[in-house]
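Overview (structure and organization)
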Amino acid sequence: STTVETVQPLTTQRNDDGTVTATMIVVNRYAKGEMATAYSCTMDSQGNVDFQATYTPSGELPPLPCMGNTFTLPKQFTRVEWYGMGPYDTYPDRLEAAHIGLWSSTVDQQYVHYPRPQDCGNHQQTVMVKLTDNKGKGWMITAEDGQHFSFSALPYSIAQLSTTAHDCDLVAEDNVFLNIDAAVMGIGNSSCGPGVLSQYAIAQKPHTLHLRFTKLK
């Protein structure tokens, strides 16, 4: 189990260029370890956002599946376009069948209806992803500082996927769930072989996600 504590409350400041910056620090505490996440978001007058999050693990933690954030978007943002690994799902230990390119899909197509619901649709080495409605309105998210990120865009939340036993029991939700990660663990082969190899696990060190959210009108 885990508890969540805000160790630095949300603070805001207006910058000389007219932008506004908000910062806060949140800690997820486990039995013998914790994950501290420091957030900094700067918004301009057009609603575009510079987003930074640094995830710092410490102590004894279980193997971490990912380090990142989920962004909840309106359900009409069903069109997905990205520049990164594709067109198939990719993970640190599942890259050989995919290659870098500009890809397009839909949110519904990104989810695989396995008999037992589970996370899926991850795309590695991404530098840009767009989610838009049928008129082209939505968001473009780009990597900053020469970095790349992993993402999935799904019609179901991770909370629902992790607590539903059968695919037929999934309930339609009123949002699109955009999961963007600075680091993702490999998937291994523990259903009929070894688990994740050590080189594909997430290193217990700080990881930073730096993104630019641009509104598409």
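Here we summarise the structure given alongside this text. It should be emphasised that the depicted structure is a prediction, and the values quoted were computed from it without experimental measurement. (Residues numbered from 1 in each chain as written. Predicted model: local features only at pLDDT ≥ 70, side-chain atom pairs only at ≥ 80, totals over all residues. Heavy atoms only, no water.)

Considerations on the sheet that holds strand β5 (residues 66-74)
One open sheet holds the four strands; their spatial order is β5-β12-β11-β8, and the pairing between them is antiparallel. Lying at the two open borders of the sheet, with one neighbouring strand each, are β5 and β8 (123-126). In this sheet, neighbouring strand axes are inclined to one another by 30° on average, regardless of whether the strands run parallel or antiparallel. As paired elements, strand β11 (residues 149-154) and strand β12 (residues 175-184) share five bridges and run antiparallel to each other. Within β12, the position partnered with serine 152 by the bridge is asparagine 179. (Pairing = 2+ DSSP bridges. Helix = DSSP H or I, 4+ residues; strand = E, 2+ residues; numbered from the N terminus. Axes fitted to C-alpha atoms, helices over the stretch in contact; angles between N-to-C directions.)

A word on the layout of surface pockets
Counted as a void, the largest pocket has a volume near 1,100 Å³. Lining the largest pocket are 35 residues, and of these Leu64, Pro65, Cys66, Asp119 and Ile158 lie nearest its centre. Sort the elements by how many residues they give to the lining of the largest pocket and β5 lands first, with five residues. Of the residues belonging to the lining of the largest pocket, the class tally is 18 nonpolar, 13 polar and four charged. Along its surface, the second largest pocket is lined by 19 residues, and Gln124, His148, Ala182, Ala183 and Val184 are the ones closest to its centre. Residue assignment for the lining of the second largest pocket shows that the elements contributing at least two residues are β8, β11, β12 and β13 (207-216). Looking at which element gives the most residues to the lining of the second largest pocket, the answer is β12, with four residues. (1 Å grid on protein atoms, 1.4 Å probe; cavity = no way out; pocket = protein on both sides within 12 Å on 5 of 7 lines; lining within 4 Å. Points joined across faces, edges and corners; volume = space filled by probe spheres on them. Nonpolar A, V, L, I, M, F, W, Y, C, P; charged D, E, K, R; others polar.)

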